[in-house]
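Chain residues, written in single-letter form:
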Amino acid sequence: MAYFGDELRRLRKHFGLSQEALAHRAGLTPEAVSLLERGRREPRMSTLQLLAQAMRLPDADAQALFASASRRSARSNDLPILTDVLVGADQSVADLVRLLENPQQRLITVTGPPGVGKTRVAISAAHQLADRVLDGIHWLPLSSMTDPDALAPALAASLGLRQSQHRSISAIIDQLADRHTLLVVDGGQHLGHFRTELCAAVLERTHGVRILLTSRELLHLPGEVVFPVRTLPLPPRRPTRQQLNDAAAGRLFLTRAQAHDSDFAVSEADLTSIAEICRRLDGLPLAIELAAARTSVLTVEQLAQALGDTLDILRSPADGGQSRLDATLEWSYQLLDADERRLLEDLSVFGRSFTVEAAAQVSACGGPTVGMVNLISSLVAKSLVLRMEDAAGAAQFTLLQLVRHYAGERLVQSGRANAVRRRHAEYFAALARQAEPHLTTGDQHHWLALLDSEFSNLRRAVQWLTAHQPAGALTMINLLWRWCYVRGLYTEGRAWADAALSAGRDAPAAVRATALAGAGMLAFLQCDYETAEKQTRSALELYTALEDEVGIARTLSRLGALAREQADYVGAEKLHNRALELAIAHHDRHGAATQLNYLSFVAWLRGDLDRAHDLSSKALTTMTRLGDREGIAWALINSGVVAHHRGDLVGADLLLEQSLEVCEEIRFREGVAWSLNQLGVVARLRGDPAHAADIQRASLAEHRDLGDRWRAASVMEELAANAAATGDAIHAARWLGAAEGLRELIGTPVPAIERPVVDETTARARTLLGPTFDAARIAGMSQPLSFPEPDADPAAPDLFDVAATSAHPSLTDPAGADPTDSDPAGGTFWTKAGRR
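Sequence order sets the numbering: in each chain, residues are counted from 1 along the sequence as written. Totals for whole chains, interfaces and linings use all residues, but because this is a predicted model, local features are given only for residues with pLDDT of at least 70 and pairs of side-chain atoms are given and counted only at 80 or more. Hydrogens and water are ignored here; the side-chain numbers use all heavy atoms of the structure.

## Points about the sheet that holds strand E5 (residues 224-228)
For sheets, the rule is that strands pair by backbone hydrogen bonds, running either parallel or antiparallel. Defined as follows: Any two strands are treated as partners once DSSP identifies two or more bridges connecting them. The way it works is that DSSP assigns letters per residue, a run of H or I at least four long becomes a helix, a run of E at least two long becomes a strand, and they are numbered from the N terminus. Note on definitions: angles span 0 to 180 degrees between N-to-C directions of axes, and those axes are lines fitted to C-alpha atoms, for helices only across the stretch in contact. Any two residues whose heavy atoms approach within 4.5 Å are treated as being in contact.
Reading across from one edge, E2-E3-E4-E1-E5 is the order of the 5 strands in this open sheet, with parallel pairing throughout. Either end of the sheet is taken by a strand with one partner, and the two such strands are strand E2 (137-141) and E5. Each adjacent strand pair in this sheet contributes to an overall mean axis angle of 20°, direction not counted. Along the sheet face, helix H7 (residues 118-128) touches strand E1 (107-111), E2, strand E3 (181-186), strand E4 (209-214) and E5 and points at about 150° away from the line of E4. Contacts from helix H10 (residues 193-205) reach E1, E2 and E4 within the one sheet, and its direction differs from that of E4 by about 155°.

Rendered as structure tokens:
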């Protein structure tokens, strides 16, 4: 059946009249006719008669026009008006509008976790359709409704009907039979089947009514279309001002903070803190708004620090210690059944993510895996658990940080926290035990990636064991040592080991010895030589007392590495040879090949290229048979260095490209840094200093992030050589000064084989600069941990941070991660794609 505006337009055009002509005949204005046709004005009876006479309508057409006027024609819109600008959700609103424009989609359910802004997105989208829905848009809020009997009067009021005339929902729906309207239903999950039955009846008994529903779970009705509202995109960890504003989460924080304090201003130093706030709050709009409100009393740095330990800062004393977010989460929690509540509490002990299998082992709920699948599926349907995928596409799940925090508080209140955390620690300790034997084999890539995906859970397990079972923590750390080494988690691994060693003084000697050896190696890799030697010698004493020759070989190898970096090549060779003898005696092929790689390293550092080549070739053969890519990478690097020192640049390039490829495959950060360093040397020797400098800066970024100051100094000296080759003597001198300052700081000399290049670069820069050379060199020495920018003003004293040269994401993807549990390696990771 036609509505008045449509019917008037049809008849006018049928009789060949323009709006102006009809208005003239009827004694109306053209604007009045236009408003009538667009449904913006209700016709009076006298107006109907004038229009019928003006068009000289036959009786049948006149009756049709009068009948259409008896139906509601004005487009009503009783949607709430948003009092502030919707920030960051523009794309979601636009996507929802496009979905609503399809008349075939009669039930659209907007879903998402608590606080994500489902209602605001739905209201904003509906407002944009106000002029396109013939019989208007109607707002039916159910969130605060407690009595299902109130549904009928609420629906009647929403539709502008008098409840006394329509006592039942069925009768009310009958009034909608000929209407074309959009019913926006907000919330109501707590009403259960009553809400579902209402929506089902509207859809079944009308043809022109459509429903836009906001809900944390679906109705599961035929034809239901799901529209998920996501958390806001996050800024990078160290954003520029533009990057912070471009990220919706950052833009929302800035907008709300300025609304609370018109004097709010952001310094360059604040950008990282704001990014950290947004990341800790998972980009959840409500949480970000609550945090922004605190900027009237806290600096953003203080706010970020406060959120690092607890979310209590979001709570308002004026609300009895609760925030709007608490109320939202409490509402969702109370709608869960007993098993769902218990499981949600148990899941709070996980870090960034968890699998169904892990949840089944850690939680006492759900029983076997099938039961756990059902429970997790229910929490996913209620938007309290989010589904994600790992790098291989396997299903994993996560909680938003705020949901995790709330559920964790509930777990503590339940008295079950310690038991659940113990099971969590036991599960991931078992995973570490399962992975460790594979970390030097052909399938190491799979196991390294698996440990990567569980980083936050491994960290939590180690922390709990350190506090409650220190010997267990030491055992777990020993199993994870090689993973920490390959992934460049030097700082994290050292912190774990040091804390557990302090707490586990009574742990078995063998366990302590292994932990001391591992901690000493990580300290060595960060050039903390004093700590490294102390811990390694303590491990050696324990292994000697235990008569553990495998352990003795391991510590002798570490002491050999210490001697090597301090240019004691004779001492290093003796230690590595003794470790090699022990490995052979115990039929430890991997241990023996590792010593061959170390001996090759020592040989080329001291200039014995023939011996270095023989040793690296033997190491490569064994490591290839064993499938250990880390060992293969070192053998290739050693061989590549030997090749370029012999003048075989083609062969060196091939070997070093292979080593880089292997290192990228297993994401071996130290190997990547070394491969880039030596490829940069080859590029310089080929006469391409600009390209060489690019590669060296990437290598320097990696070495600096790892904390490897010994090799960073060598990279700086190569950058000096590149600068000198292009005639940039000032930057050459400053790079030389920076390297010299770094070597003085850690107490190591220039490696013997690299001394000629350093001397040649120094002489060339001194010749070009004359008496100003020392001033430039001293300028570099004053900031030995920073790096000169090649295109900066040579007279400028400030030095440049090479982090900007990064070309690869860090070990894990932080954007969907819990920032308190994300990978601390940070830094950069170079790929061949980034070099070409």
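Moving on from the coordinates now.
## Topic: the pairing of E1
The line we're drawing: Relative accessible area decides the class of each residue, using a 1.4 Å probe on protein chains only: under 20% of the type maximum gives buried, over 50% gives exposed, and in between gives partly exposed.
In terms of burial, E1 is a largely internal element, 5 of the 5 residues being buried. By the alternation rule, side chains of E1 split into Leu107, Thr109 and Thr111 and Ile108 and Val110, which are all buried. As defined by bridge partners, E1 adjoins E4 across 4 bridges and the pair is classed as parallel. Bridge pairing in E4 links threonine 109 to leucine 213.

## Some details on the pattern of salt bridges
To keep things clear, this is the line we draw: The salt bridge criterion pairs a side-chain nitrogen of Lys or Arg with a carboxyl oxygen of Asp or Glu, the two atoms within 4 Å.
Per the stated rule, a full pass over the model turns up 35 salt bridges. Between glutamate 717 and arginine 743 there is a salt bridge, with its nearest N and O atoms 3.0 Å apart. Separated by 26 residues along the polypeptide, glutamate 717 in helix H36 (residues 709-725) and arginine 743 in helix H37 (residues 729-746) bring together distant segments of the chain. Taken as a pair, glutamate 717 and arginine 743 share a single burial class, namely buried. The structure contains a network of salt bridges with shared partners spanning Glu740, Arg766, Asp774 and Arg777.

## Looking at empty space enclosed by the protein
Stated formally: Computed over the protein atoms alone on a 1 Å grid, cavities are sets of points where a 1.4 Å probe fits but cannot get out and pockets are open sets with protein on both sides within 12 Å along at least five of seven lines; a residue lines them when it has an atom within 4 Å of a point. Grid points are joined across faces, edges and corners, and a volume is the space filled by probe spheres set on the points.
Tallying each qualifying case throughout the model produces 4 cavities of 30 Å³ or more. Computed from the structure, the largest cavity encloses a volume of approximately 80 Å³. Taken together, 10 residues line the largest cavity, and the ones lying closest to its centre are Leu311, Arg315, Leu325, Asp326 and Leu402. Taken together, the elements giving at least two residues each to the lining of the largest cavity come down to helix H16 (324-334) and helix H20 (401-414).

## A short note on helix H32 (residues 629-645)
Selection criterion: A helix's residues, less one, multiplied by 1.5 Å, set its expected span. Within 3.5 Å is the distance limit for a polar contact, defined as a pair of N or O atoms, with the added protein rule that one can donate a hydrogen and the other accept it, and that residues adjacent in sequence qualify only through two side-chain atoms.
Taking 1.5 Å per residue, 17 residues should reach 24 Å; H32 reaches 24 Å between its end C-alpha atoms and fits that length. The N-capping residue of H32, defined by a side-chain oxygen 3.1 Å from the backbone nitrogen of glutamate 630, is aspartate 628. Backbone geometry just downstream of H32 places glycine 647 in the positive-phi region, at approximately 95°.

## A look at the packing of aromatic side chains
Which entries qualify depends on this criterion: Ring pairs shown here join Phe, Tyr and Trp side chains whose ring centres sit within 6.5 Å, with only the six-membered ring taken for Trp; geometry is labelled stacked below 30 degrees between planes, edge-to-face above 60, and tilted in between. We call a charge positioned above a ring when the Lys NZ or Arg CZ atom is no farther than 6 Å from the ring centre and deviates by at most 35 degrees from the ring normal.
Tallying each qualifying case throughout the model produces 19 aromatic pairs. Between the aromatic rings of tyrosine 485 and phenylalanine 668, the centroid separation amounts to 5.5 Å while the plane-to-plane angle is 65°, which identifies the pairing as edge-to-face. Separated by 183 residues along the polypeptide, tyrosine 485 in helix H24 (residues 470-486) and phenylalanine 668 in the loop between helix H33 (649-666) and helix H34 (669-685) bring together distant segments of the chain. Here the aromatic cluster, defined as three or more aromatic residues joined through ring pairs, consists of Trp481, Tyr485, Phe601, Trp604, Trp634, Phe668, Trp674 and Trp710. A cation over a ring is seen here: arginine 558 above tryptophan 481, with NZ or CZ 4.7 Å from the ring centre. Directly above the aromatic system of tryptophan 710 lies the positively charged group of arginine 711, at a separation of 5.7 Å from the ring centroid.

## Brief notes about the nonpolar core
Rules: Here the nonpolar core consists of buried residues drawn from Ala, Val, Leu, Ile, Met, Phe, Trp, Tyr and Cys, with membership extended through side-chain atoms lying within 4.5 Å.
By size, the foremost hydrophobic cluster in this structure holds 186 residues, and its most contacted members are Phe253, Leu281, Met476, Trp483 and Trp604. Counting 26 residues, the second largest nonpolar core, distinct from the first, contains Leu159, Leu183, Val185 and Val202.

## Digging into the packing of H32 against H33
Definition in use: Roughly parallel here means an angle under 35 degrees, roughly antiparallel means over 145, roughly perpendicular means 65 to 115, and every remaining angle is called oblique. Here is the rule for handedness: rotate from the far helix to the near one, and if that takes an anticlockwise turn smaller than a right angle the crossing is left-handed, while a clockwise turn gives right-handed.
Viewed as axis vectors pointing N to C, H32 and H33 meet at an angle of 160°, and their least axial separation amounts to 8 Å. What the angle tells us is that H32 and H33 run roughly antiparallel. Taken as a pair, H32 and H33 cross one another with a handedness that is left-handed. Between H32 and H33, the contacting residues are Arg629, Glu630, Ile632, Ala633, Leu636, Ile637, Ser639, Gly640, Ala643 and His644 on the first element and Leu649, Gly651, Ala652, Leu655, Leu656, Gln658, Ser659, Val662, Cys663, Glu665 and Ile666 on the second.

## Examining helix H4 (residues 45-54)
To be explicit about the condition: What the arc covers is the set of directions going from the helix axis to the C-beta atoms.
Of all the positions in H4, only Thr47, Leu48, Leu51, Ala52 and Ala54 are classed as buried. All buried residues of H4 fall inside an arc of 165° around its axis, so they share one side. Phi turns positive one or two residues past the end of H4, at arginine 56, with a value near 50°.

## Side note on the environment of arginine 646
By the element assignment, arginine 646 lies in the loop between H32 and H33. Judged by its relative accessible area of 43%, arginine 646 falls in the partly exposed class. In terms of polar contacts, arginine 646 uses its side chain to reach the side chain of aspartate 610, at 2.6 Å.

## Regarding the environment of leucine 35
For leucine 35, the position within the fold is in helix H3 (residues 30-37). Through-space distance from the C-alpha of leucine 35 to that of glycine 5 is 8.5 Å; in sequence the pair is 30 residues apart.

## A closer look at the confidence of the model for the protein
The condition that has to hold: Along the chain, pLDDT gives the predictor's confidence residue by residue, from 0 to 100.
Mean pLDDT for the protein: 87, with 89% of residues reaching 70 or above. Note on residues 786-820: pLDDT under 50 across the span, and 95 contacts to partners over four residues away in sequence or across chains. Taken together, the stretch residues 822-836 has pLDDT below 50 and engages in 63 contacts with residues farther than four places along the chain or on a different chain.

## Looking at the packing of helix H17 (residues 338-347) against helix H19 (residues 369-381)
The cut-off we apply is this: Classification used: nonpolar for Ala, Val, Leu, Ile, Met, Phe, Trp, Tyr, Cys and Pro, charged for Asp, Glu, Lys and Arg, polar for all others including Gly.
Interhelical geometry of H17 versus H19 gives an angle of 85° and a closest axis separation of 10 Å. Judged by the inter-axis angle, H17 sits roughly perpendicular to H19. Here Asp339, Glu340, Leu343, Leu344 and Leu347 of H17 come into contact with H19, specifically with Met372, Leu375, Ile376, Ser378 and Leu379. The residue inventory of the contact of H17 with H19, partitioned by class, reads 7 nonpolar, 1 polar and 2 charged.

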